[in-house]
Amino acid sequence: MLMSSRRLSSRIVATITTILLAAGPVVVAQMLGDAPYLVMYGRIRVEGNAQSRVMDYATELIDGIGPRLTGSPNLKKATAWTLDRLKQMGLSNVRTESWGEFGMGWQQRHISLRMIAPATATFIAQAAPWSPATAGPIAADVVALRGFTDASEFDANRGKLRGKIVLFGHAPAPPDAIPIETPLFERFDDRQLAAFAQSEPAPDTMNYEQAFAQAELMEKTGRFFASEGVRAVIVPSANNPKGGASGGTIYADTNYTFGWFVYQKAHAMSVPLVIVAIEHYGRLKRLLDRNVPVKLELNVDAEFTGDREDGVNVFGDIPGVDPQHKDEVVMVGGHLDSWAAGTGATDDGAGVVIAMEAMRILNALQIKPKRTIRVALWTGEEQGVLGSSEFVRRHIATVPLADTPEQTRMPEFLRRRTGPVAIKPDHARISAVYNLDAGGGKIRGVTLSGTAALVPIFQPWIAPLRDLGMTAVAVRRGCGGDCEPFAQVGIPTLSFTQDPLDYETRTHHTNMDTYEHLIPEDLRQAAIVVAIMVYNTAMRDQLLPRLPSTP
Ligand SMILES: [Zn+2]
C-alpha cells in the first residue's frame, strides 16, 4: 500500500518536472481565484524532495542541542541555532522578540536511582522539571504514601517522615504496566481519516478551576514534605490507555511537579522530586506493602541557571512584494521549547523543522509572494502558550479575563473571557496562522478552526495532493497550542491532521521523545504540503475570512 503510493507520487513529480522545464526558467507566480497554481505545486514538490534539509535540521536541533525547557541554557542555544539557520537559508528580518520575564532557568545534568536494600537494582528515573538537586548521592529509608486528595490528610503523617525518601502514589493516571495489545504506532486508513474529518470533537468538559485547585494542593504537598524534613520524593509515571508508558518510557511534565508555576521563584519546589518508571515503582510499592524495609540511593544533579530568564520568540520573513498586500502576513510555525527528559523530537522539534524546511523551500524557489510569509517559533508553550499569548496581546488584540481567586491561579490561556476583544492594528494584517504541534506524522488533511467558510477555499487547494495522502478537510472549534491565542481573537488558524504514529502512545512529553521516532519521508511530505498551503494563502486575492468571534 505504502509502496505503491510512493511510486505513484514519484511518477507525478517526474511529469510535473517535465512541464516545469518546458515552461522555461522564469515562472511567474500567479493564482486565479482559489484555483491551485499547479506549476508552483510541482516546483515545491521537486525542491522539497530533491533538496530537503529537514533531517539535517532535525539532527542539529534534536541530537546536537537536545531538550529545550523554557528558560534553560539549551533553549538559548536552540534560539541561536535557529537564527543562524534562518539567516543562512536567506530569510529577511530574522530576529528574536522578547515576550517578557519567564522565570527560572533549570537543567538536569545527571540522575541516578538505585535500590540498595533489600537487594540491589538500578532504576529508570528522571528529575521532575525544576526539581532541586540532592546534596550529591543520598541514601535513605523509603516510606510509601498514597496521593493526597485534601490538605487535611497531611496531619496523619506529621513527625514521621524526617530523613526519609517518600514514595508518593500521586499520578495523573494509574501507574500500571498493562499488556500492550494494540499497536502503539498507527497511520490513518482512508476510512478513519474520513471519519475523523466528519466527527465533532467531544466538547471540553474539563473543570479547569478544579484542576488548578489540585495543582495548588500539589504545591502545598511539596511544602509539607519539605517542612517535615523529607529528603526526596519519588512519584510513578502514569500510563496511557494503550500502555505505551511502560518499558522504560517515563512521562515528565507539569503533571508531576509540585504545582503548575514551579518555574517561578515564588513557587519553587523545595524538595527533590523524581519520576520513576512504572515497573520500578511497582517493585518498590509491592515490597513496602509487604512491610519489607527498602533503602534507596538517589543522586539528582540539577542546576538552576537563573531566576529571571527572559522569554523570546523567533521570527524570519520572506517579504511580500505586492504594494497593496506586502504588509499583510501569513504566519507558520511551531514551538521551540520542549520538556526536558527526552530531546523534544516530536514535541515540537518536528513542527519546528517542518516549518523551517517549508520556508527554505519557498525561499529557494525565489518566490515573490504578494503577502509576507513569516516563520514564528514560539517558546513557553508548555507552560501555557506564554510566547504566543504575549505576542497576540502586544500586536493583535487583548481580551479581558476573569479575575476571581479561582481564575487568577490558572494560566491565562485557560481563564474565562469577560468582555469583547479589543483589536490592535495588526489584527487586520494577519491573514492566517498555521501551527504545527501534533508530532511528525505525514499530513493527511488540513484542520480549520472555527469557520466552515474556509472549506471551499481549501478543498481545491488540497485536491492536487491526493497522491501524497492528503485528502481531508476538518473543521474544529478551537485550535490547540500556540494558535489558540490567535483563534480566540478571530484570526483564521490552521493546523493539520497528521498520521498519529506513536505520538500519543509513546513520545508526547516522555523521555522517549527522540529522533528515532521521526520518519524522514513523513517530514519531507509535511514540509511540501505546508509550503504549498502557505504559498496559496500568501498569493490569494483576499485575506482568509476572519473567524466569527471577531467583534
Ligand atoms: Zn507541543
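Residues numbered from 1 in each chain as written. Predicted model: local features only at pLDDT ≥ 70, side-chain atom pairs only at ≥ 80, totals over all residues. Heavy atoms only, no water.

Re the confidence of the model for the protein chain
- When the pLDDT values of the protein chain are averaged, the result is 92; 93% of them are 70 or greater.
- Across residues 1-30 the pLDDT falls below 50, and counting only partners more than four positions away or on other chains, this stretch makes 26 contacts in the model. (pLDDT = per-residue confidence, 0-100. Contact = heavy atoms within 4.5 Å.)

Notes on the coordination of the zinc ion
- With distances of 1.9 to 2.8 Å, the protein atoms coordinating the zinc ion are His-335 (NE2), Asp-347 (OD), Asp-437 (OD) and Asp-437 (OD).
- Each of the four donor atoms around the zinc ion contributes to a set of angles spanning 50 to 145°, which defines the coordination as irregular.
- Written as a sequence motif, the donor arrangement for the zinc ion is H-x11-D-x89-D. Placement of Asp-347 in helix α8 (residues 345-364) and of Asp-437 in the loop between β13 (430-435) and β14 (443-449) is noted, with a sequence separation of 90 residues between them. An identical accessibility class is assigned to Asp-347 and Asp-437; each is buried. (Donors = N, O, S within 2.8 Å, 3.2 Å for Na, K, Ca; no water. Tetrahedral: all angles 85-135°; square planar, octahedral: opposite > 155°, others 65-115°. Helix = DSSP H or I, 4+ residues; strand = E, 2+ residues; numbered from the N terminus. Buried < 20%, exposed > 50% of the residue type's maximum accessible area, 1.4 Å probe, protein only.)

Here's the deal with the packing of helix α3 (residues 54-65) against α8
- Two elements in contact, α3 and α8, have axes whose closest approach is 9 Å; the angle formed by their N-to-C orientations is 140°. In terms of orientation, α3 and α8 fall into the oblique class. Considering how the two elements wind past one another, α3 and α8 form a crossing that is right-handed. From α3, Val-54, Tyr-57, Ala-58, Leu-61 and Ile-62 reach across to α8, where they touch Ala-345, Gly-349, Val-352, Val-353, Ile-354, Met-356, Glu-357 and Arg-360. (Axes fitted to C-alpha atoms, helices over the stretch in contact; angles between N-to-C directions. Parallel < 35°, antiparallel > 145°, perpendicular 65-115°, else oblique. Left-handed = near helix turned anticlockwise from the far one by under 90°.)

Quick look at the environment of Glu-382
- Looking at the element boundaries, Glu-382 is found in the loop between β10 (372-378) and α9 (386-396).
- For Glu-382, a relative accessible area of 9% gives the class buried.
- When near neighbours in sequence (up to four residues on either side) are disregarded, Glu-382 contacts Trp-260, His-335, Asp-337, Ser-338, Trp-339, Asp-347 and His-509.

Examining the side chain of Ser-338
- Along the polypeptide, Ser-338 turns up in the loop between β9 (329-335) and α8.
- Apart from residues no more than four positions distant in its own chain, Ser-338 is found in contact with Pro-67, Arg-68, Leu-69, Thr-70, Gly-344, Asp-347 and Glu-382.

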